[in-house]
Structure formats: structure tokens, C-alpha cells
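Architecture at a glance
The residues making up each chain are set out below.
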Amino acid sequence: MQKIKFYILFLWMNISCQPNGENIRQLKHLPYYNEATFTPHWLKPGAQALENFHRIPPFLLFNQNGDTITEDSLKGKVYVADFFFTSCPGICPKMTNNMLSLQDSFRHDPEVWLVSHSVTPEYDSIAVLKDYARTKGIDSDKWHLLTGDQELIYTLGRKAYFVEEDLGLEKEADEFLHTENFVLVDRQLHIRGIYNGLNKASIQQLIVDIHTLKQE
């Protein structure tokens, strides 16, 4: 919970009141993040310090259509990443519904993508993901549901996207990965924000931040 509390404080300190009564943070540029505390680094896009700054590392996974998806497939796009599994009875359906709202918001915008990684890839085969996409109304031209090597997926979640909240706790490589967090990634594969995927206000903030990244 430490990183979520920090991010809430960060949002509160940078808030601006909108005409509709909602509190939405609006910045000219979003910060950059490179580790699990999500301490913001206020660097200007193109700054020399970004040359060696944390990026999503190389990976190879498969989407619901059986297409090979790598980091190069997402380079040049603004995208939102999360981790889920199709048989989840708890938070995942709510997360999927909020991802669907993002899909609706950016359906006709080729610069913005959604990427959901299955944390039970041994069950969530390509066929299972394809059926899940069909039943949920997921647009394959906007949203990748990814499966593949479990160790790779868990390493991405914990070491690349930093999605878990248990800061400072060492976990076994195969210990179950389960989180409600959405992560915003820019065109150069830098992390630019973390959001509670169950919270409608957080999703609205995410939409605003996506538009900010698109202007960079």
C-alpha cells in the first residue's frame, strides 16, 4: 500500500478543480518512474538522462489471435498495461470493465493501446483468450491479451512494471502475481504513471494523462 499512498499524496499535491466538480491533475509533462516506490523523476522528454533510464525490457508473448507480440510491437505507442486471469472471480472483472471504458475512449486512436498479461498462462491459452475477448467485447485492434512463458510474465510484472504493492518483500519466482494496478507506458517504453484499476476517478485521471502523453 505504500506506493499507492504516495501516489495519492502526489495527486493531491498536483490537483486542479474542473468545472464538473471532479478533481483531476493536469500537468504539461508527466514524471518518469524507474522502481517500485514510484518516486517521480521530473525529466523533460528527450533529456539526456533518459538514455539509460528504466524501460520495459525485451519480451516475446502471444496475443488472443496467436500473433507474436514483443516490446517492438508497442514501441511508438502509448499503452496501458495490467495483469489478470480469465477465471478470476474477484477484481479482474472490474478491471476488465474499466479497461473496456479505456477502449471506448480511445477506440479510434491508433496511438493508444491496451495490454493485459495473463498470470495463469498455463490455463489462459490463445484459444481461451480469444473466447474471452469475444465474450467481453474486446477489440483485437486495440487490446492485446497476452499469454506465454509464466516466468517471463511474472518477471515483467514485478521487475519491469513494478505492479505489486508489497514493497521490500522478496517473493519466489512462481508466487502468485495478483494486482489491481494499471501502468501507463510512453512511446519509448518508459513508465509514466500507476493507477488503481478498480477506481473510476483513477481511470478518469489515466485518460487525462494519456492525452498528455499524446502531446509530447
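Definitions and cut-offs
- Residues numbered from 1 in each chain as written.
- Predicted model: local features only at pLDDT ≥ 70, side-chain atom pairs only at ≥ 80, totals over all residues.
- Heavy atoms only, no water.
- Helix = DSSP H or I, 4+ residues; strand = E, 2+ residues; numbered from the N terminus.
- Contact = heavy atoms within 4.5 Å.
- pLDDT = per-residue confidence, 0-100.
- Buried < 20%, exposed > 50% of the residue type's maximum accessible area, 1.4 Å probe, protein only.
- Pairing = 2+ DSSP bridges.
- Right-handed = clockwise from strand over helix to strand, strands pointing away.
- Expected span 1.5 Å × (residues − 1).
- Polar contact = N/O pair within 3.5 Å; in protein donor to acceptor, adjacent residues only side chain to side chain.

Thoughts on the overall build of the protein
On a plain count of helices and strands, the protein comes out with six helices and nine strands. Restricting the contact set of the protein to residue pairs at least 6 apart, pairs at least 24 apart contribute 67%.

Description of the confidence of the model for the protein
In the predicted model, the protein carries a mean pLDDT of 87, and the fraction of residues at 70 or more is 84%. This model gives residues 1-21 a pLDDT under 50, and the stretch forms 47 contacts once residues within four places in sequence are excluded.

Here's the deal with the pairing of strand β5 (residues 78-84)
Most of β5 sits inside the fold, with seven of its seven residues counted as buried. Side chains Val78, Val80, Asp82 and Phe84 of β5 all project onto a buried face; the interleaved residues Tyr79, Ala81 and Phe83 project onto the opposite face, where all are buried too. In this sheet, strand β6 (residues 112-118) lies alongside β5 in parallel orientation, the contact comprising seven bridges. Residue pairing for β6: Phe84 is matched across the bridge by Ser118. Following the chain from β5 across helix α3 (residues 92-105) to the adjacent parallel β6, one finds a crossover that is right-handed. Examined bridge by bridge, β5 and strand β8 (residues 181-185) share three bridges and lie antiparallel to one another. Along β8, the bridge assignment pairs Val80 with Leu184.

Examining helix α6 (residues 200-214)
With 15 residues, α6 extends 21 Å from end C-alpha to end C-alpha; this agrees with the ideal 21 Å at 1.5 Å per step. Two or three places before Ala201, at the start of α6, stands the capping residue Asn199, its side-chain oxygen 2.9 Å from that residue's backbone nitrogen.

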